[in-house]
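Here is what each chain is made of, one letter per residue.
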Amino acid sequence: MRKAFIAGNWKMHKTVSEAVDLVTALKGALEGVEDCDVAVCPPFVALDPVRGSLEGSTIGLGAQNMHWEEEGAFTGAVSPTMLQGMCDYVILGHSERRTIFGETDEWINKKLHAALSHGLLPIVCVGENLEQNEAGETVAVCGGQVRAAFEDVAADRAVEVTIAYEPIWAIGTGVPAHGEDANDIIRRAIRDVLADLYDEDVAEAIRVQYGGSVKPHNVVEFLSQKEIDGALVGGASLKADDFSEIVKKGLAAHLGE
Ligand code: 13P
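Residues numbered from 1 in each chain as written. Predicted model: local features only at pLDDT ≥ 70, side-chain atom pairs only at ≥ 80, totals over all residues. Heavy atoms only, no water.

### Some details on the site of the ligand
- Not every one of the 13 residues close to the ligand is listed here, only the nearest: Lys11, His94, Gly172, Ser213 and Gly235.
- Contacts to the ligand include His94, whose side-chain N or O atom sits 2.8 Å from an oxygen atom.
- Here Glu166 contributes a side-chain N or O atom positioned 2.9 Å from an oxygen atom of the ligand.
- When the ligand is considered free in solution it has 310 Å² of accessible area, and contact with the protein chains removes 96% of it. (Near = heavy atom within 4 Å. Polar contact = N/O pair within 3.5 Å; in protein donor to acceptor, adjacent residues only side chain to side chain. Areas by Shrake-Rupley, 256 points an atom, 1.4 Å probe, with all protein chains shown as cover.)

### Remarks on helix H5 (residues 105-117)
- Between its first and last C-alpha atoms H5 spans 19 Å; for 13 residues at 1.5 Å apiece the expected length is 18 Å, and the two agree.
- Looking only at H5, the buried set comprises Ile108, Asn109, Lys111, Leu112, Ala114, Ala115 and Leu116.
- Those residues of H5 that are buried lie in contact with helix H3 (80-83), strand S4 (89-92), helix H4 (95-100), strand S5 (121-126), helix H7 (138-149) and helix H8 (155-158).
- Taken from the residues just after H5, Gly119 is the one with a positive phi, measuring 70°. (Helix = DSSP H or I, 4+ residues; strand = E, 2+ residues; numbered from the N terminus. Expected span 1.5 Å × (residues − 1). Buried < 20%, exposed > 50% of the residue type's maximum accessible area, 1.4 Å probe, protein only. Contact = heavy atoms within 4.5 Å.)

### A few points about the packing of aromatic side chains
- This structure, assessed with the given rule, holds 5 aromatic pairs.
- Three or more aromatic residues joined by ring pairs form one cluster here, namely Tyr165, Tyr210 and Phe222.
- Sitting over the face of the ring of Phe101, Arg97 holds its NZ or CZ atom 3.9 Å from the ring centroid. (Phe/Tyr/Trp six-rings, centres within 6.5 Å; stacked < 30°, edge-to-face > 60°. Lys NZ or Arg CZ within 6 Å of the ring centre and 35° of its normal.)

### Structural notes on the side chain of His67
- Its location among the elements puts His67 in the loop between strand S3 (60-63) and H3.
- Judged by relative accessible area, which is 15%, His67 ranks as buried.
- Engagement of the side chain of His67 in a polar contact is seen with the backbone nitrogen of Glu69, the distance being 2.9 Å.
- With residues near it in sequence (within four places) discarded, His67 still touches Phe74, Ala77, Val78, Ser79 and Pro80.

### Regarding the packing of helix H1 (residues 16-29) against helix H2 (residues 44-53)
- Packing of H1 against H2 brings their axes to within 9 Å, and their N-to-C directions diverge by 35°. Between H1 and H2 lies a crossing whose hand is right-handed. Within the contact between the two elements, H1 uses Val16, Ala19, Val20, Val23, Thr24 and Lys27 and H2 uses Val45, Ala46, Pro49, Val50 and Ser53.
- In terms of residue class, the contact of H1 with H2 is built from 8 nonpolar, 2 polar and 1 charged. (Axes fitted to C-alpha atoms, helices over the stretch in contact; angles between N-to-C directions. Left-handed = near helix turned anticlockwise from the far one by under 90°. Nonpolar A, V, L, I, M, F, W, Y, C, P; charged D, E, K, R; others polar.)

### Some remarks on unusual backbone geometry
- You will see that Asp35, though not glycine, has its phi angle at about 65°, which is positive.
- As for its placement among the helices and strands, Asp35 is situated in the loop between H1 and strand S2 (36-41).
- The phi torsion at Asp152 lies on the positive side, around 60°, for a residue other than glycine.
- With respect to the element layout, Asp152 can be found in the loop between H7 and H8.
- Taking relative accessible area as the criterion, Asp152 reaches 69% and is therefore assigned exposed.

Functional significance is not addressed by these values, which are geometric in nature.
What follows is the structure in structure tokens.
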């Protein structure tokens, strides 16, 4: 059974002192929670202070993005070398990076290689927009994003990756996908594609999260699905009470309790 993995993507929220307050509250709220990987992904400037606050805790730390080059004239960018040793995870290809900042599948593939070669555990986001969803293109779009991201990634490294299925129309809208639909898309657009790229063992080993309006009241609907191993939580990860409730309820659902 794949271990549950619930991560909070704080996006462009929280000053450094607010980030430290939030993670300090979370640490207390999640004390004693085992059998689940939990991570927070604050903005870059808060990574180091949050890391300090997390000392002695099992909560992991992730960045929200990175460049693929180790250094160079890339104003405003942060490299894998800078994140190495600073955090455990890095989110790659979030739909906001793709749509607002113009990131391409090719970039995301380069970032995936760079993350893996610098000891960072990638969370690769895929997802369709409303138009693609309504046109029946979801499996083709998401499957294509998975194929492109994993190009030339060896099987023994691929299993270190987590994939987050985040339908764009569900992000920040308060309108989540239905659990069964997300489960079906993950089977057909992610696991079947991974089985084709690698084999069934790799497809079954990779953890897949659902993201898009996950809240304490709906997390069970997702984490009780066979193909869904966790959640990538945006808005509800900004409050310690909500996020810890999501972790506890989600973990129980995943374990079939
Ligand atoms: P919301 O939970 O705010 O919908 O955001 C989801 C998301 O984009 C996480 O990466």
